[in-house]
Structure formats: C-alpha cells, structure tokens
Amino acid sequence: MASYSRVSTVLLIVVLVGSLLMVVTAGDFYEDFDTPWGDDRAQILNNGELLSLSLDQFSGSGTQSRNKYLFAKIDMHLKLVSGNSAGTVTAFYLSSQGSKHDEIDFEFLGNVTGEPYILHTNVFTKGGGGREQQFYLWFDPTEDFHEYSIHWSPQSIIFSVDGTPIREFKNAESIGVPYPSNQPMRIYTTLWNSDDWATQGGRVKTDWTQAPFNASFTNYTLNACVWSSGSSSCSSISSSSTSSNGAWLSEELDTTSQGRLKWVQENWMIYDYCKDPERFIHGEPAECSLS
Ligand SMILES: *[C@@H]1O[C@H](CO)[C@@H](O)[C@H](O)[C@H]1NC(C)=O
Ligand SMILES: *[C@@H]1O[C@H](CO)[C@@H](O)[C@H](O)[C@H]1NC(C)=O
Ligand SMILES: *[C@@H]1O[C@H](CO)[C@@H](O)[C@H](O)[C@H]1NC(C)=O
C-alpha cells in the first residue's frame, strides 16, 4: 500500500510536468557554480575539475550553483581540512531562499589533530530545522577524497557516504510532516569559522596560527531537475549527450542498503534528535516513529 502510493506520486510528477529539464552533468565547477563569497579564497582549478576553499581570520569562502533544482542527486567528493581543524566547518548543502526555506545539510565539524570530525546532518522544512543527526566516520576524511551524496527525491532524502546510506528522511506529508517538495534549491559549498559551537561544543577555538585552512571538492555528478521560469518538477528530457532515464528520481533503498544504513546508525551515529527526549516535551516529532 505504502509503496504503491509512493510509486504513483512519482508517476504523477513525471506525467504532470513537462517543462523542466533533467540534466546529468559530470563535474565542471566553472559551468555549474559561482564563487560569490571569499574572493580568491574560493578557487576553481584544473579546468573546472577541482574546487578549493580556504578560510583565514578575515573570511571563509563558498560557492553556489548557478541553477536551482527541484529534486536532485548530487555525488560530491570532498577532502576536509587536515591537521588542527578545530573550529572550522566545511559544508555541502542544498537550500532554498526565504523565511520558510527548505535545506538539506552535510556539515563537517573539525577537531584538533588526531581527534575525529563530526559529520552533522540536518533537514529544514518550511523554515523549521532541529532534525540533527550526527556521525563519526569510519575513515580519516582528511587523508583522501570521499564521496558524500544527497539524494533528494519526492519520496525521501537519503544522505550517503561512499555509497553507504547513513540517513533517510522519508516524505511523510501524509501524516503531516512538512517535506521539501515545492521550493527549488541551490547547491552550496562553504568553509567557515564556527568556533562558537562546532568543536567539542565550542570549547575548542580555531587556532589561527594554522591558517589558511583548506578543503577541496572534486569529481561530482549531478542528476537533477532544473528549475526554470517558475515551472516545477521533471520531464525526461536530457540536456546533455549523456542520456538519462531518470531512474534516480524514483530510486529507493533496497534491502542491502537498508542493512548498511542500520549498520551506520548502530555503530557510527553519535546524536539523533529523535532520541533526545529533553527537546520534545510534547513527544517526539511524527517522523521519528517511521521505521
Ligand atoms: C572531537 O574530539 C572529541 C574528543 O575525542 C570528541 O568528543 C568530539 O566529538 C570530536 N568532534 C568534535 C567536532 O568536537
Ligand atoms: C592551505 O593552502 C595554502 C595555499 O596552497 C597553503 O599555503 C597552506 O599551507 C595550506 N594550509 C594548510 C593548513 O595546509
Ligand atoms: C569519481 O567518482 C566516481 C563515483 O561517483 C568514481 O567511480 C570514480 O572513481 C571517481 N574518480 C576519481 C578520479 O576520483
């Protein structure tokens, strides 16, 4: 029953609209991103294949996608600030604009040398956030590039690390939980100072003698529905020579992936808003009771 209704939602969306362009692009930062923040602290290198962000006492830096998207699957490779990264936050996220904005966040909270980063995730819907889940990673994210993916479809938002799902936020509009389904979002990458909260709850400050801090982004794949002139959702038109059948739009976690998600949640999750009763005097949010 549940899966039938999900399938029909997807079909409806695909059938109803025709004016949106579904694109598949492979990794040219020049083509897809602007660097509006941090002057030359945000640098696109190697013919658009590599993005380098840096942070010093005066400013952080960041990029935003030229296009807005309504549903997307973005696989991005990141290498985080190494050494003493305490106080720094590297982020890769989607956000719409306005006071009732939607947002889907990956934030990497730095730490002193040798201590683990925290991967902080959150989902904002219609201006409301407070849905944090935090994880340690099972590798050193500063040594190599690793793939971090946001898969935002009409059915769910799936966060993955190297292809392993770490979090799923299901569309539960049917039980009254707001879901990001009608505001187009841009993709953002940023590196900034957050030493008031990021590391060990804000107790450890950024050591500016180590600046500039650097994080790199590369090799991304973007499967997305481009928002243009106010029209919503996807057609199955492919804009590039790479053809797309749009399978990502209806893709859900299979049994194997659900098993891996469970493994991460049992072994690597260090904070879950659903299990923080002090925050919810009137009971946990409705989405927390979904399996
Ligand atoms: C930093 O290291 C401390 C000590 O191991 C740990 O408690 C904390 O969760 C780590 N991460 C951050 C971002 O504070
Ligand atoms: C960041 O990159 C700059 C320029 O390449 C370099 O001089 C600096 O040492 C790097 N910072 C760290 C902490 O590695
Ligand atoms: C780029 O990412 C894809 C998966 O998204 C991976 O298969 C490939 O090895 C990566 N290439 C490089 C050069 O890292």
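Residues numbered from 1 in each chain as written. Chains lettered and ligands numbered in written order. Predicted model: local features only at pLDDT ≥ 70, side-chain atom pairs only at ≥ 80, totals over all residues. Heavy atoms only, no water.

Participant: How do you make sense of the site of ligand 3 when you look at a structure like this?
Facilitator: Taken together, His77, Glu147 and Asn219 form the complete shell of residues around ligand 3. Measuring from an oxygen atom of ligand 3, one finds a side-chain N or O atom of His77 at 3.4 Å. Separating an oxygen atom of ligand 3 from a side-chain N or O atom of Asn219 is a distance of 2.4 Å. Compared with its free state, where it exposes 360 Å², ligand 3 has 31% of that area covered by protein. (Near = heavy atom within 4 Å. Polar contact = N/O pair within 3.5 Å; in protein donor to acceptor, adjacent residues only side chain to side chain. Areas by Shrake-Rupley, 256 points an atom, 1.4 Å probe, with all protein chains shown as cover.)

Participant: When you look at the nonpolar core in this model, what are you seeing that I'm missing?
Facilitator: The nonpolar side chains of a soluble globular protein tend to be buried, and buried together. Of all hydrophobic cores here, the largest spans 56 residues; its most connected members are Phe92, Phe106, Tyr148 and Trp152. Among the elements that take part in this core, strand 15 (residues 213–226) stands out by supplying eight residues, more than any other. If we skip the residues at most four places from it in the chain, Phe92 touches Ile74, Met76, Leu78, Ile104, Asp105, Phe106, Tyr148, Ile150, Ile187 and Tyr188. (Core = buried A, V, L, I, M, F, W, Y, C linked by side-chain atoms within 4.5 Å. Buried < 20%, exposed > 50% of the residue type's maximum accessible area, 1.4 Å probe, protein only. Helix = DSSP H or I, 4+ residues; strand = E, 2+ residues; numbered from the N terminus. Contact = heavy atoms within 4.5 Å.)

Participant: How should the confidence of the model for the chain be read in this particular structure?
Facilitator: Chain-level statistics for the chain give a pLDDT mean of 88 and a share of 86% at 70 or above. For the stretch residues 1–19, pLDDT sits under 50, and the model shows 17 contacts to residues farther than four places along the chain or on other chains. (pLDDT = per-residue confidence, 0-100.)

Participant: Whenever I open this one, the pairing of strand 15 confuses me. Can you help?
Facilitator: Remark: a regular strand shows side chains that alternate across the two faces of the sheet. Burial runs high along strand 15: 11 of the 14 residues are buried. Pairing geometry for strand 4 (residues 50–55) and strand 15, over six bridges, is antiparallel. Residue Ser52 lies in a different strand from strand 15, and its bridge partner there is Ser216. Where strand 6 (residues 69–79) and strand 15 come together, eight bridges link them in antiparallel fashion. Pairing of Ala72 across the sheet is with Ala224, part of strand 15. (Pairing = 2+ DSSP bridges.)

Participant: Even after reading the chapter, I still don't get the pattern of salt bridges, so can you show me in this structure?
Facilitator: For side chains of opposite charge, pairing can occur when their charged atoms come near one another. Applying the stated criterion to the full structure yields seven salt bridges. Here Asp34 and Arg66 are joined by a salt bridge, their closest N and O atoms 2.7 Å apart. Taken together, the residues span a long stretch of sequence, with Asp34 in strand 2 (residues 33–37) and Arg66 in the loop between strand 5 (61–65) and strand 6 at a distance of 32 residues. For Asp34, a relative accessible area of 31% corresponds to the partly exposed category. Notably, a salt bridge pairs Asp56 with Arg41, separated by 2.9 Å at the nearest N-O pair. (Salt bridge = Lys/Arg side-chain N within 4 Å of Asp/Glu carboxyl O.)

Participant: Please clarify how the UniProt feature "active site" (unreviewed entry) in the chain should be interpreted in this entry.
Facilitator: The UniProt record annotates "active site" (unreviewed entry) at Glu103 and Glu107. Tracing the sequence through the fold places Glu103 in strand 8 (residues 103–109). When residues no more than four places from it in sequence are discounted, the contact partners of Glu103 are Tyr93, Leu94, Ser95, Asn122, Val123, Phe124 and Met185. Side chain to side chain, Glu103 and His101 meet in a polar contact 2.8 Å long. Residue classification places Glu107 among the buried residues on the basis of a relative accessible area of 12%. Apart from residues lying up to four places away in sequence, Glu107 is in contact with Val89, Thr90, Ala91, Ile118, Leu119, His120, Trp192 and Trp197. (UniProt positions renumbered as here; feature names shortened; annotations may be inferred.)

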